[in-house]
Amino acid sequence: MRNNYANTAQLKELMTAPPMTAARHAEVLRERNARRRKLEEAREAKKADDSLYDDKR
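Quick caveat: nothing in here was measured; it's all calculated off a predicted structure. Along each chain, the written sequence defines residue order, and numbers are assigned to residues from 1. The model is predicted, so local features are restricted to residues of pLDDT at least 70 and side-chain atom pairs to those at 80 or more, both for listing and for counting; the totals for chains, interfaces and linings are taken over all residues. Excluding hydrogens and water, the side-chain figures rest on all heavy atoms present in the structure.

Helix and strand counts for the protein chain stand at two helices and zero strands. The 57 residues of the protein chain split such that 2% are buried. With an accessible surface of roughly 6,100 Å², the protein chain has 54% of that area assigned to carbon and sulfur atoms. Every helix listed is a DSSP run of H or I at least four residues long, and every strand listed is a run of E at least two residues long, numbered separately from the N terminus. Only protein chains enter the accessibility calculation, which uses a 1.4 Å probe; a residue whose area is less than 20% of its type maximum is buried, one above 50% is exposed, and one in between is partly exposed. Note that accessible areas follow from Shrake-Rupley with a 1.4 Å probe, and for residues the cover is restricted to the protein chains shown.

In structure tokens form, the structure reads like this:
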């Protein structure tokens, strides 16, 4: 479970920070999608690898 109180930034700092640019937002989304794709591919590879070993037993 995530700790919601881990961020120690002051409220004023959070409220006066400039908003994220569209380019930065797109970059964050691309990174998130790439990370998720890698995880999904790793899970599929592991599942395929496990099924290969299960057939030989």
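Turning next to the pattern of salt bridges. A side chain with one charge may pair with a side chain of the opposite charge, provided their charged atoms come close. The salt bridge definition used is simple: a Lys or Arg side-chain nitrogen within 4 Å of an Asp or Glu carboxyl oxygen. Per the counting criterion, the structure on display carries one salt bridge. In this structure, arginine 24 and glutamate 27 form a salt bridge, with 3.3 Å as the shortest nitrogen-oxygen distance. Residue arginine 24 and its partner glutamate 27 are both found in helix α2 (residues 22-56); the two are separated by three residues, about one turn of the helix. What makes arginine 24 partly exposed here is its relative accessible area of 37%.

A cluster of basic residues, Arg32, Arg35, Arg36, Arg37 and Lys38, forms a positive patch on the protein surface. As for its position among the elements, arginine 35 is in helix α2. For patches, a residue must show more than 30% relative accessible area and have no salt bridge; joins then use 9 Å for like charges and 5 Å for nonpolar side chains, namely Val, Leu, Ile, Met, Phe, Trp and Tyr. Here the positive residues are Lys and Arg and the negative ones are Asp and Glu; neither His nor the chain ends is included. Lysine's charge is taken at NZ, arginine's at CZ, aspartate's at CG and glutamate's at CD.

For the rest of this paragraph, the subject is a nonpolar patch on the surface. A cluster of nonpolar side chains, namely Leu11, Leu14 and Met15, defines an oily patch on the protein surface of about 360 Å² accessible area. Locating leucine 14 in the fold gives a position in helix α1 (residues 11-16). Under the relative-accessibility criterion, leucine 14 is labelled partly exposed at 47%.

These values are about where atoms sit, not about what they do.
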